[in-house]
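Coordinate inspection notes
This is what each chain is made of:
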Amino acid sequence: MRIESLINFVKENNEIDAGLIFGTNNRFYFSDASTSEGLLFTDSKSAYLLVDSRYFEYCKNTVKDCEVILVTDLQKQLKDLVEYCNCKKIAVDISEIDVAQFEYFRTIIKPAQLLSDGTLNDFILKTRAIKDAKELKNIEESQKLLDLGYEYILKTVKTGITETELSFKLFVFLKEHGAQDASFDFIVLSGENTSKPHGMPGKREIKYGDLILLDFGVKVNGYCSDMTRTFAIGEATTQQKEIYNLVLSAQESAIKQLKPEGPCKEIDKIARDIIKKGGFEAEFGHSLGHSLGLNIHENPILSPKSDDVTKPNMVFTVEPGIYLTGKFGIRIEDTVFVTQNGCKNITKSPKSELLIVK
Ligand SMILES: [Mn+2]
């Protein structure tokens, strides 16, 4: 099914005769087989998946719509395939290829040309941005684990434990409950460290009166989840509670307006204007959110610079934050699915006020 859309893209695009997919997630997306290495080659009629002996048997049994080729001499086999298909111009997937690999393949396929203008990736990103039912189910399952994980952390967190220890406990818990892996290095920060939006957990011990910022995500069946919660240990200041409420109202207002055919920059603006009105424009330096799927960051993004428009079955994180350098930071992040007439928030962890863990 999916591979057909790629074949059609090649067929309909007069500038290219074939597409060559390098990226691990792109290869997974179109072949439905999980391989750490391999090539997917598509001309205007057929698709070929080239894998070595580690993946050959598995792919032969799972992959339906591609001819699976066992790689014994990649250089020769790829050259033969390009000649056999009579391809002159081959668009390359630039998502993961580096310059050395590009040069290597460019030389192999001569006299055919390898095109790296990104046309193929534009198509792939647009296709991957709209999730099907199975993908949405995987993302939702992935998110459910995070809600469980947050509940676990609220019971587990205590003074004296370090950020690293807390992060590790969370990872172990999530693995025990079915996570395939983390979708990124967990951001577990405490006290003044919370003012660094993407700080890394360290040896700092959690103290009474700290804010804790947890930004974490896992993968289920290859699909990522992502969530952030900020809470306090023992007590919180009035300023912390006020800023929490400001971030929350920015987030909730943006989610309320998230529906199909809305400019992504407008959604960002709704949240940004509320934070600006509260006097913290400069303290919200990042974009409002991003899409996710097989990758933790996918297009489109909710940012002032985005020219994209929301569509049904797109997925977005909505994650405004305010960071006071050297003092504290607060971010709240949920994931929503765009529906036919609005959006559905799949993050169920409580957030209605700054939670104080006693
Ligand atoms: Mn995120």
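What counts as what
Residues numbered from 1 in each chain as written. Predicted model: local features only at pLDDT ≥ 70, side-chain atom pairs only at ≥ 80, totals over all residues. Heavy atoms only, no water. Helix = DSSP H or I, 4+ residues; strand = E, 2+ residues; numbered from the N terminus. Polar contact = N/O pair within 3.5 Å; in protein donor to acceptor, adjacent residues only side chain to side chain. Contact = heavy atoms within 4.5 Å. Pairing = 2+ DSSP bridges. Axes fitted to C-alpha atoms, helices over the stretch in contact; angles between N-to-C directions. Parallel < 35°, antiparallel > 145°, perpendicular 65-115°, else oblique. Left-handed = near helix turned anticlockwise from the far one by under 90°. Nonpolar A, V, L, I, M, F, W, Y, C, P; charged D, E, K, R; others polar. Expected span 1.5 Å × (residues − 1). Buried < 20%, exposed > 50% of the residue type's maximum accessible area, 1.4 Å probe, protein only. Phe/Tyr/Trp six-rings, centres within 6.5 Å; stacked < 30°, edge-to-face > 60°. Lys NZ or Arg CZ within 6 Å of the ring centre and 35° of its normal. Donors = N, O, S within 2.8 Å, 3.2 Å for Na, K, Ca; no water. Domains from an automatic or database assignment. Buried area = accessible area lost by both parts, 1.4 Å probe. Salt bridge = Lys/Arg side-chain N within 4 Å of Asp/Glu carboxyl O.

Section: the side chain of Asn138
As for its placement among the helices and strands, Asn138 is situated in helix H7 (residues 133-156). Of note is the side chain of Asn138, whose polar atom sits 2.8 Å from the side chain of Asn221. The residues contacting Asn138, other than those within four sequence positions of it, are Val220, Asn221 and Tyr223.

Observations concerning the sheet that holds strand E3 (residues 47-51)
With mixed pairing, the 6 strands of this open sheet are ordered in space as E4-E3-E2-E1-E5-E6. In this open sheet, the two edge strands, each paired with only one partner strand, are strand E4 (67-70) and strand E6 (113-115). Each adjacent strand pair in this sheet contributes to an overall mean axis angle of 25°, direction not counted. Here helix H1 (residues 2-12) sits on the sheet in contact with strand E1 (18-21), strand E2 (39-42) and E3, set at roughly 50° to E2. Lying on the sheet, helix H4 (residues 74-84) is in contact with E1, E2, E3, E4 and strand E5 (89-92); it crosses E2 at an angle near 15°.

Overview of the sheet that holds strand E19 (residues 343-345)
If you trace the 3 strands from one edge of the open sheet to the other, you get E15-E18-E19, paired in antiparallel fashion. Two strands lie at the open edges of the sheet, namely strand E15 (315-318) and E19, each paired on one side alone. Strand-to-strand twist in this sheet, taken as the mean axis angle between neighbours without regard to direction, amounts to 30°. The sheet contact formed by strand E18 (residues 334-338) and E19 spans 3 bridges and is antiparallel. Along E19, the bridge assignment pairs Val336 with Asn345. Set on the sheet, H7 makes contact with E15, E18 and E19; between it and E18 the angle comes to about 160°.

With respect to the packing of H7 against helix H8 (residues 163-176)
Where H7 contacts H8, the axes come no closer than 10 Å and their chain directions differ by 135°. By the criterion of interaxial angle, the relationship of H7 to H8 is oblique. Crossing geometry of H7 relative to H8 is assigned as right-handed. Contacts between H7 and H8 involve Leu145, Leu146, Leu148, Gly149, Tyr152, Ile153 and Thr156 on the former and, on the latter, Leu166, Lys169, Leu170, Phe173 and Leu174. Here the contact of H7 with H8 is built from residues that sort into 9 nonpolar, 2 polar and 1 charged.

Thoughts on helix H10 (residues 264-277)
Residues that lie three or four places apart on an α-helix share one face, since the helix turns once every 3.6 residues. With 14 residues, H10 ought to run about 20 Å at 1.5 Å a step, and its terminal C-alpha atoms sit 20 Å apart, in line with that. If you check which residues of H10 are buried, you get Cys264, Ile267, Asp268, Ala271, Arg272 and Ile275. Residues of H10 that are buried sit in contact with helix H9 (238-256), strand E14 (298-302), E15 and strand E16 (321-324). In the stretch just after H10, Gly279 is the one whose phi turns positive, near 95°.

Some points on the packing of aromatic side chains
Under the definition given, this model contains 9 aromatic pairs. Arranged with centres 5.1 Å apart and planes meeting at 80°, the rings of Tyr104 and Phe105 form a pair that is edge-to-face. For Phe105, a relative accessible area of 7% gives the class buried. One aromatic cluster in this structure is built from Phe22, Tyr104 and Phe105. Over the aromatic face of Tyr29 sits the side chain of Arg2, whose NZ or CZ is 4.0 Å from the ring centroid. Lying over the aromatic face of Phe284, Arg272 brings its terminal NZ or CZ to 4.1 Å of the ring centre.

Structural notes on the pairing of strand E17 (residues 328-331)
Alternating positions in E17 separate into two faces, Phe328 and Ile330 on one and Gly329 and Arg331 on the other, with burial throughout. The pairing of E16 with E17 spans 4 bridges and is classified as antiparallel. Counted as the bridge partner of Ile322 is Ile330 from E17.

Brief notes about the coordination of the manganese ion
Ideal geometry at a metal centre: 109.5 degrees between donors when four sit tetrahedrally, and 90 or 180 degrees when six sit octahedrally. Summarising the metal site, the manganese ion is bound by the protein donors Asp226 (OD), His290 (NE2), Glu319 (OE) and Glu333 (OE), whose distances to it range over 2.0 to 2.4 Å. If you list the donors of the manganese ion from N- to C-terminus, the spacing comes out as D-x63-H-x28-E-x13-E. Residue Asp226 is found in the loop between strand E11 (223-224) and strand E12 (227-233), and its partner Glu319 is found in the loop between E15 and E16; the two are separated by 93 residues along the sequence. Per residue, the accessibility class of Asp226 equals that of Glu319, and both read buried.

Section: the domain arrangement of the chain
Split by domain assignment, the chain resolves into domain 1 (2-129) and domain 2 (133-357). The straight-line distance from the C-alpha centre of domain 1 to that of domain 2 is 35 Å. Contacts between the two partners involve 8 residues from domain 1, matched on the other side by 11 residues from domain 2. Contact between domain 1 and domain 2 buries roughly 770 Å² in total, counting both sides, with carbon and sulfur atoms accounting for 42%. By the criterion of area lost to domain 2, the three top residues of domain 1 are Asn25, Arg128 and Ala129, representing 54% of everything that side buries. Linking domain 1 with domain 2 are 2 salt bridges. The residue Arg2 makes a salt bridge to Glu135 at a minimum N-O spacing of 3.5 Å.

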